[in-house]
Amino acid sequence: VTSLLLETLAIVIAFTAVWQAHKVAGAIYAVLILTAGPLILYAYCGKCEIRLTGCRHVIPGQLTRLLPVREQGPYQLKDYAGLILPAAVLVLFPQPWLRDNLTLLILFWLCLVGGVLQILLKVCRGCGNQGCIMCKLRN
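Residues numbered from 1 in each chain as written. Predicted model: local features only at pLDDT ≥ 70, side-chain atom pairs only at ≥ 80, totals over all residues. Heavy atoms only, no water.

## Things to note about the overall build of the chain
Now for step 1: Within the chain, the secondary structure is distributed over 7 helices and 0 strands.
Now for step 2: Ordered by position from N to C terminus, the α and β elements of the chain give α-α-α-α-α-α-α.
Now for step 3: Here the chain has a C-alpha radius of gyration of 16 Å; the compact-globule value for 139 residues is 14 Å, and the two agree.
Now for step 4: By sequence separation, contacts in the chain at least 24 residues apart represent 69% of the contacts at least 6 residues apart. (Helix = DSSP H or I, 4+ residues; strand = E, 2+ residues; numbered from the N terminus. Rg over C-alpha atoms; globule rule 2.2 N^0.38 Å. Contact = heavy atoms within 4.5 Å.)

## Re the nonpolar core
Now for step 1: One finds Ile13, Tyr29, Leu98 and Phe108 to be the most contacted residues of the largest nonpolar core, which totals 17 residues.
Now for step 2: The set of elements that each furnish at least two residues to this core consists of helix 1 (2-21), helix 2 (23-43), helix 4 (77-92) and helix 6 (102-123).
Now for step 3: Looking at which element gives the most residues to this core, the answer is helix 1, with 6 residues.
Now for step 4: Formed by 6 residues, the second largest nonpolar core is a distinct cluster that contains Cys48, Ile50, Tyr75 and Cys132. (Core = buried A, V, L, I, M, F, W, Y, C linked by side-chain atoms within 4.5 Å. Buried < 20%, exposed > 50% of the residue type's maximum accessible area, 1.4 Å probe, protein only.)

In structure tokens form, the structure reads like this:
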């Protein structure tokens, strides 16, 4: 759960930087946040074979219950794209505004990298989702 908190904190920091500088861009980023989250959950988490019984992230697995059901199994390029593209938008969109505030820029990247490292080093290590590339690389 702490990796999710770090990732969420990074997004809140980014939103704050954008909103403070430009309200319209902040509103656009808010829509992107509200769109990217469900897209990532549907594209990636919705395909996980242990999402309802053993999700190491806990919350995303439960949230997938609210989305249309997907067939579980090995991930395909479109599934990875559904994870990477929305995540890239969330990270890249606020960069111009974050660059204007060094403190927020540093906090954003510390939280983001900390969350990703925690996912890769802790969450993925104990995951049993045999369809995920991280599980295949680990074995």
